[in-house]
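Coordinate analysis (summary)
Listed below, chain by chain, are the residues.
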Amino acid sequence: MRALVVETPGTFSVQTVPDPTPGPGEVVIAVAAVGICGTDVHIVDGEFAPTPYPIIPGHEFTGEVVALGAGVSGVREGDKVAVDPSLFCGACHYCAIGRGNLCERWGAIGDTVDGAMADYVKVPAANCHRLPENVSLTQGTLVEPLSCAVHGFDKLPRDLGAHYLIYGAGTMGLMMLQLAAHAGAASVSVVDLNTGRLEIARQLGADAAATSADALGRPQGWEVVIDCTGVIPAIEDALTRVRRGGTFQQFGVAPSTATARVSPFRVYNDEITIVGSMAVVHSFGRAVELMGKGVIDADTMITHSFGLDAFPEALRTFREGTGRKIQIRPAA
């Protein structure tokens, strides 16, 4: 089969590699589409510590089941599925308490083992989720990032009528916007320096969108403030926008060595809650159902698609921030 192989950080090419063979409890998927995520870029750049090289990246993907390993039940050849890329050990302290996303031996398809930027990929059958009939294989690539956003909401207070402020109108910020509106927010405001993205945020339901929080005219602050940028100046500004008694969530991925300033006195005096959200846990199936219900406007979210050979162009488009969700379609 053909696959995009990252040999070493900064070095990648499309190669012919052996077709995967399913082992017990595994299936092989003919990949239909795979979304490019910031983690994929970190893997290409050598900035994602768990990654072994060489590796085939790609963890936001869908496809058709074409081969079954021994003992597989609940999945059939021909099923059209989205795949939870999570690979938890099942034996450590965090897995035992139901927090596999913090697994001491955490792994993921496309991050620590070969992923879906290829004609075929081998996955655990238990990780496969059938797509609703009204969700296409290309739309279904949004299930994985949506499952991350759903987990993010699991970590937030679910108070009806709260006012939300989201920093960043990229893929994840736009998903959090749509979930907040669906979850009963009184208002959802968005901050981004890219005015084109702000227009899309308005199109997807933002009550207000601006290049700075000051321009939004809410001096009392917001009950829930979510950073989806991972950018330190944005994070530091966002922390000052939380209303007394409110919650700040760090959802965006900052560099592991980065630090942000925060006022401990204000956290104490205003009873500010600060929470993190990392990856996927107990949320993938719910994301499938939300996609089926149309909570996410998939067609607006997906803007570009490329074949395997055009990966350099896809990567450049991602880095330039000119699109929203960018896909690789191996068969194209």
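Use the structure listed above.
Residues numbered from 1 in each chain as written. Predicted model: local features only at pLDDT ≥ 70, side-chain atom pairs only at ≥ 80, totals over all residues. Heavy atoms only, no water.

1. Quick word on the nonpolar core
Note on soluble globular proteins: their nonpolar side chains tend to be buried together. By size, the foremost hydrophobic cluster in this structure holds 46 residues, and its most contacted members are Leu146, Tyr164, Leu177, Val190 and Ile226. Elements with a minimum of two residues in this core: helix H3 (143-154), strand S10 (163-167), helix H4 (171-182), strand S11 (187-191), helix H5 (195-203), strand S13 (222-227), helix H8 (284-293) and helix H9 (298-301). Ignoring sequence-local partners within four residues, the contact set of valine 190 consists of Leu165, Ile166, Gly168, Ala169, Leu177, Leu198, Ala201, Ala206, Ala208, Ala209 and Ala210. Core analysis: the next-biggest nonpolar cluster, separate from the first, contains 37 residues, Phe61, Val123, Leu308 and Ala314 among them. (Core = buried A, V, L, I, M, F, W, Y, C linked by side-chain atoms within 4.5 Å. Buried < 20%, exposed > 50% of the residue type's maximum accessible area, 1.4 Å probe, protein only. Helix = DSSP H or I, 4+ residues; strand = E, 2+ residues; numbered from the N terminus. Contact = heavy atoms within 4.5 Å.)

2. Some thoughts on the sheet that holds strand S14 (residues 242-250)
Across the sheet, 6 strands lie side by side as S12-S11-S10-S13-S14-S15; this open sheet has parallel pairing. Edge strands, defined here as strands with exactly one partner in the open sheet, are strand S12 (208-210) and strand S15 (273-276). The mean angle between the axes of side-by-side strands here comes to 15°, regardless of whether they run parallel or antiparallel. By the bridge criterion, 4 bridges tie S14 to S15 in an arrangement that is parallel. Across the sheet, residue glutamine 249 finds its bridge partner in S15, namely valine 275. (Pairing = 2+ DSSP bridges. Axes fitted to C-alpha atoms, helices over the stretch in contact; angles between N-to-C directions.)

3. Focus on the pairing of S11
Burial within S11 is extensive, with 5 of its 5 residues counted as buried. Burial along S11 is two-sided: the face carrying Ser187, Ser189 and Val191 and the face carrying Val188 and Val190 are both buried. Where S10 meets S11, 5 bridges bridge the pair, whose relative direction is parallel. Of the residues in S11, the one forming a bridge with tyrosine 164 is valine 188. Handedness of the S10-H4-S11 crossover: right-handed. By the bridge criterion, 3 bridges tie S11 to S12 in an arrangement that is parallel. From the neighbouring strand, serine 189 faces S12, where its bridge partner is alanine 208. (Right-handed = clockwise from strand over helix to strand, strands pointing away.)

4. As for the pairing of strand S1 (residues 2-8)
Here S1 pairs with strand S2 (residues 11-16) via 6 bridges, running antiparallel. Along S2, the bridge assignment pairs arginine 2 with threonine 16. In textbook terms, the turn of a hairpin is the stretch between consecutive antiparallel strands, and for S1 and S2 this stretch comprises 2 residues, one of which, glycine 10, has a positive phi near 85°.

5. Some remarks on the packing of helix H1 (residues 38-45) against helix H10 (residues 311-320)
For the pair H1 and H10, interaxial distance at closest approach is 11 Å and the crossing angle is 115°. For H1 against H10, the interelement crossing comes out left-handed. Between H1, through Gly38, Val41, Val44 and Asp45, and H10, the contact on the second element is made entirely by Phe311, Leu315, Phe318 and Arg319. Of the residues in the contact of H1 with H10, the class split is 5 nonpolar, 1 polar and 2 charged. (Left-handed = near helix turned anticlockwise from the far one by under 90°. Nonpolar A, V, L, I, M, F, W, Y, C, P; charged D, E, K, R; others polar.)

So, to be careful, I would describe these as geometric facts and stop short of saying anything about function.
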